Structure formats: structure tokens, C-alpha cells
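# Working through the structure, step by step
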Protein chains: 2
Amino acid sequence: MKCVVATNNQHKLKEMRDIIESKLELISLGELGIDADIEENGKTFLENSLIKARAICKLTNMPTLADDTGLIVDALNGAPGVYSARYAGVEHDDKRNREKLLRELQSVEYNERTARFETVISLVFPDGHYLTAKGKVEGFILFEEQGTDGFGYDTLFYSSELKKSFGEATSEEKNSVSHRGRALRKLLELL
Amino acid sequence: MKCVVATNNQHKLKEMRDIIESKLELISLGELGIDADIEENGKTFLENSLIKARAICKLTNMPTLADDTGLIVDALNGAPGVYSARYAGVEHDDKRNREKLLRELQSVEYNERTARFETVISLVFPDGHYLTAKGKVEGFILFEEQGTDGFGYDTLFYSSELKKSFGEATSEEKNSVSHRGRALRKLLELL
């Protein structure tokens, strides 16, 4: 939300901006000119997030944040889980991943399509110590895509809290309830 | 703190930045081309913060944040209090204000120089409703200025928590315990 600050005191204004500003300033790999491809061979979201964060932390010698996220579908015994990004065989081919998910669930009824997104975020420091936080959001898998926003499985995930799919939600709405929003806000509290 | 994000996924990166970004984007009066001088004739910090926020909110028709802050010195029966910014008679003459404070306290012993900074922050919305939050920090008034950072009475205020004056503290240290930091963080939680 934009809001005016009723002061002519520049010190106060600066101080307020400093206080309100986030505790974390995120730097992308691109900004550092790093083109890294890390094999995520862990069995859990936590393992994968630590593998990624530790690898990049070693390269950069800077505090490094990594998330690992997956979709857990009850009717598929937890699949795609840690394989969510490469469910259809090709890394990050969102469209094929969604198509495969719909195929796998085609004979599954509405009330058995429950699912949740889970994120584990880790922040690894150069001295080896780390913080980690988890977030999840409950919902079910739709019979067809709804909405056009978001990425990954968002258009197929109906959020019970938002009463709409993540593909129909604004990013503000999604972030307020999402797995990643919750994990990241918990991590900020730990800092 | 700067930290690297270990991902090549631009959607994730954007989402993380959105989540981490502050809920409030502060716009200064200068940016709006407003040159307002509002008479702060309230008897309390709350009254003054509401007077300022309401006046600017009426001018801009935007949500408006205002703080009112003062230094409360026990040996001076709570002075300078709501008159902190104009203690020596001239509005925002920090140097003269500090000199007057030292003069008033010159015969006051160390253990009787206890004081606190208090801030009340109000956020007023165009429809008239408002949120408000208080913050304070305990300490005592030094016999002479220590440090060169901060503004107002900062160099004369020894923070019991930081074990140094606000003039010796980095802005990060000051904001972590200060009256204004506490009030603003409480307000953000209310949002």
C-alpha cells in the first residue's frame, strides 16, 4: 500500500524507510553472473533446499537462500512431491507437468483430489550454519486449468482459503496464503 | 542483509521479492510537491500524530502516516515531552535543544537522569478510520554528547539496551530497539 508520510523531517523519513525496509535484499544468480546447474538429488524438500543453498553459498561466499517446493497429491500417494518440477521428465516444462497431472488424476473424483503445496526454505551462511522454515497450503486439483496467472501447477491448484485457483488469484492474494509466502515470512521472523 | 537466491526460476525470484517487500511504500511530502506546515497543538503524542496525519490525509486523499515523538526526562517532570522539537524555542533547532537539556540537567546526578523516548504513529485512511501504535525505549541523559550519528537528542541519549548512546549506534542498532522502530513494527503487524 502506498502511503504519505506527514513529516518535513528528512531524518525521520529516512529512518522510517530503513525500519520498514526488508531485512533481506535478494540478489539473483544472474546479477552475479553465475550460471549454475545443481543436481537436486535429495529425498526431501529440506535436503534439496540445503543442497542448492550450500552449493551456491560455496561459490559466492555469501549468505544464500534456496527454496524447494513441491505439490503433494493424496490420490497419487504424495506424487509429484520432490519431482514436481520434472514430473513429465523434462525439467521445468510446466505445461507438460500439468498435462501429466491431469492424466494421472482423470478417473479421480472431486472429493479425492485433495493436495497441498509445500515449501522448505533454507538460508545458509558462509560459516556453515543455517536457518530453515517450512510453509504449506491446502487445496485440491481442478479438472482443468482455471485462470492464467502464476506458474507451475498454479492454474490447477484450487486454494481452499482463497476459494479460487492460484491461477485466478492476484500475486498479493496468492502470497498471503501460499506455501512460499508462509515459509519466507517464518524465515524472516527467525532472522 | 544481502543474500543470494539459489534459483534460475525467474517466477520464484519475483515471487520471493514480492513476499519480502514491505507492506507500506512511503511517499514523502516533497515527492507530492506539498509544503505543509501543520500546527501541532495537541497535548499528547497521540493527539499530535493524528492532527498531522489527518491534515495531510485531507490534502492528499491518500492513507497518511504521521509520528509524534518526544523525550521524557524524569528529573524534569516529563519535559521536554510534546515540546521536544521546539524545547529551546525554535522549531527543530537540534543543537539548541540539546544545549538547553544539558543546562536544565547540569546539577542532576547520574542516577537521576533516567529518560525515555516515546513515539506514537498513526495511519489515517481517507474514510476517516485509523490505526495507531506506540513505542518506547528506556535510557538516561548523558553529561555530554557521545557519538555523531542520529539526530535530535540522539547523541545525549544512552540506551540501556544497546549500552551506548544513539549517537554511537549504527542505524540498524538504533532501529532495532528505538521508540520509532518499535512503534512502526507494531503498526505493520496491525496492517
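Residues numbered from 1 in each chain as written. Chains lettered and ligands numbered in written order. Predicted model: local features only at pLDDT ≥ 70, side-chain atom pairs only at ≥ 80, totals over all residues. Heavy atoms only, no water.

Time to look at the overall build of chain A. When helices and strands are tallied, chain A shows five helices and seven strands. When the elements of chain A are put in sequence order from the N terminus, they spell out β-α-β-α-β-α-β-β-β-β-α-α. Counting over 191 residues, chain A shows a buried share of 49%. Counted over contacts in chain A with a minimum sequence separation of 6, partners at least 24 positions apart contribute 53%. As presented, chain A carries roughly 9,600 Å² of accessible surface, and 49% of it is formed by carbon and sulfur atoms. (Helix = DSSP H or I, 4+ residues; strand = E, 2+ residues; numbered from the N terminus. Buried < 20%, exposed > 50% of the residue type's maximum accessible area, 1.4 Å probe, protein only. Contact = heavy atoms within 4.5 Å. Areas by Shrake-Rupley, 256 points an atom, 1.4 Å probe, with all protein chains shown as cover.)

Right, let's get into the packing of helix α5 (residues 179-190) of chain A against helix α1 (residues 10-20) of chain B. Contact pair α5(A) / α1(B): the axes reach a minimum separation of 10 Å and the direction vectors enclose 55°. One element, α5(A), and the other, α1(B), form an angle in the oblique class. The two elements α5(A) and α1(B) cross, and the hand of that crossing is right-handed. Between α5(A), through Arg180(A), Gly181(A), Leu184(A), Arg185(A) and Leu188(A), and α1(B), the contact on the second element is made entirely by Lys12(B), Glu15(B), Met16(B), Ile19(B) and Ile20(B). Considered class by class, the residues forming the contact of α5(A) with α1(B) number five nonpolar, one polar and four charged. (Axes fitted to C-alpha atoms, helices over the stretch in contact; angles between N-to-C directions. Parallel < 35°, antiparallel > 145°, perpendicular 65-115°, else oblique. Left-handed = near helix turned anticlockwise from the far one by under 90°. Nonpolar A, V, L, I, M, F, W, Y, C, P; charged D, E, K, R; others polar.)

With that out of the way, let us pick up unusual backbone geometry. Residues and elements named next belong to chain A. For the bond running from Ala 79 to Pro 80, omega is -5°, close enough to zero to count as cis. Structurally, the position occupied by Pro 80 is in the loop between β3 (64-73) and α3 (94-104). Backbone geometry places Asn 61, a non-glycine residue, at a positive phi of 60°. Positionally, Asn 61 belongs in the loop between α2 (45-60) and β3. Backbone geometry at Asn 77 places phi at a positive 55°, although glycine is not the residue there. Considering the arrangement of structural elements, one finds Asn 77 in the loop between β3 and α3. Assessed through its relative accessible area of 79%, Asn 77 is described here as exposed.

Two modes of strand pairing occur in sheets, parallel and antiparallel, and in both the strands are linked by backbone hydrogen bonds. Spatially, the seven strands line up as an open sheet ordered β2(A)-β1(B)-β3(A)-β4(A)-β5(A)-β6(A)-β7(A), and their pairing is mixed. A strand with exactly one partner marks an edge of an open sheet, and here the two such strands are β2 (25-28) and β7 (164-165) of chain A. Two elements, β3(A) and strand β1 (residues 2-5) of chain B, share two bridges in a ladder whose sense is parallel. Bridge pairing in β1(B) links Leu65(A) to Val5(B). Sheet strands touched by α5(A): β3, β4 (114-124) and β5 (130-141) of chain A. Its angle to β5(A), the strand with the most contacts, is close to 155°. (Pairing = 2+ DSSP bridges.)

Attention shifts here to the interface of chain B and chain A. Contact residues are listed per partner, giving 53 residues for chain B and 53 residues for chain A. Both sides together, the interface formed by chain B and chain A hides about 5,100 Å², and carbon and sulfur atoms give 63% of it. Among the residues of chain B in contact with chain A, Met1(B), Val4(B) and Ile20(B) are the three that bury the most area, contributing 15% of the side total. Salt-bridge contacts for Arg180(B) lead to Glu15(A); the nearest nitrogen and oxygen are separated by 2.8 Å. Viewed at the interface, chain A and chain B are joined by 14 residue pairs in polar contact (both at pLDDT 80 or more). In terms of residues, the side of chain B that touches chain A owes the most to one element, α1(B), which gives nine residues. Class assignment of the residues belonging to the side of chain B that touches chain A gives a composition of 28 nonpolar, twelve polar and 13 charged. (Buried area = accessible area lost by both parts, 1.4 Å probe. Salt bridge = Lys/Arg side-chain N within 4 Å of Asp/Glu carboxyl O. Polar contact = N/O pair within 3.5 Å; in protein donor to acceptor, adjacent residues only side chain to side chain.)

Turning next to the sheet that holds strand β1 (residues 2-5) of chain A. On the basis of which strands lie adjacent, the open sheet formed by seven strands has the order β2(B)-β1(A)-β3(B)-β4(B)-β5(B)-β6(B)-β7(B) and mixed pairing. Each edge of the open sheet carries a strand with a single partner, namely β2 (25-28) and β7 (164-165) of chain B. As paired elements, β1(A) and β2(B) share four bridges and run parallel to each other. Paired with Lys2(A) across the strands is Glu25(B), a residue of β2(B).

A word on the relation of the copies chain B and chain A. Under the fitted operation, chain B is carried onto chain A by 0.0 Å of movement along the axis and a turn of 179°, and the coordinates agree to an RMSD of 0.1 Å. Taken together, the rotation and translation describe the operation of a two-fold axis. A share of 100% of interface residues in chain B that are also interface residues in chain A marks the association as one of identical surfaces. (Least-squares fit on C-alpha atoms with pLDDT ≥ 70 in both.)

Next up on the list: the environment of His92(A). In this structure, His92(A) sits in the loop between β3 and α3. A residue is classified by how much of its surface remains accessible, and His92(A), at 47% relative accessible area, is partly exposed. Sequence separation of His92(A) and Gly152(A) is 60 residues, and the distance between their C-alpha atoms is 7.8 Å. Not counting residues up to four positions away in its chain, the partners in contact with His92(A) are Ala85(A) and Asn9(B).

Time to look at the environment of Lys58(A). Summarising the element assignment, Lys58(A) is placed in helix α2. When the C-alpha atoms of Lys58(A) and Gly128(A) are compared, they prove to be 9.4 Å apart, with 70 residues separating the residues in sequence.

Residues and elements named next belong to chain A. Looking at the element boundaries, Ser 159 is found in strand β6 (residues 157-159). On the basis of relative accessibility, which here comes to 0%, the residue Ser 159 falls in the buried class. Among the polar contacts listed, one links the side chain of Ser 159 to the backbone nitrogen of Leu 162, at a separation of 3.0 Å. Setting aside anything within four residues of it in sequence, one finds Ser 159 in contact with Val 137, Glu 138, Lys 164, Ser 165, Phe 166 and Val 177.

Worth remembering: the numbers are spatial, not functional.
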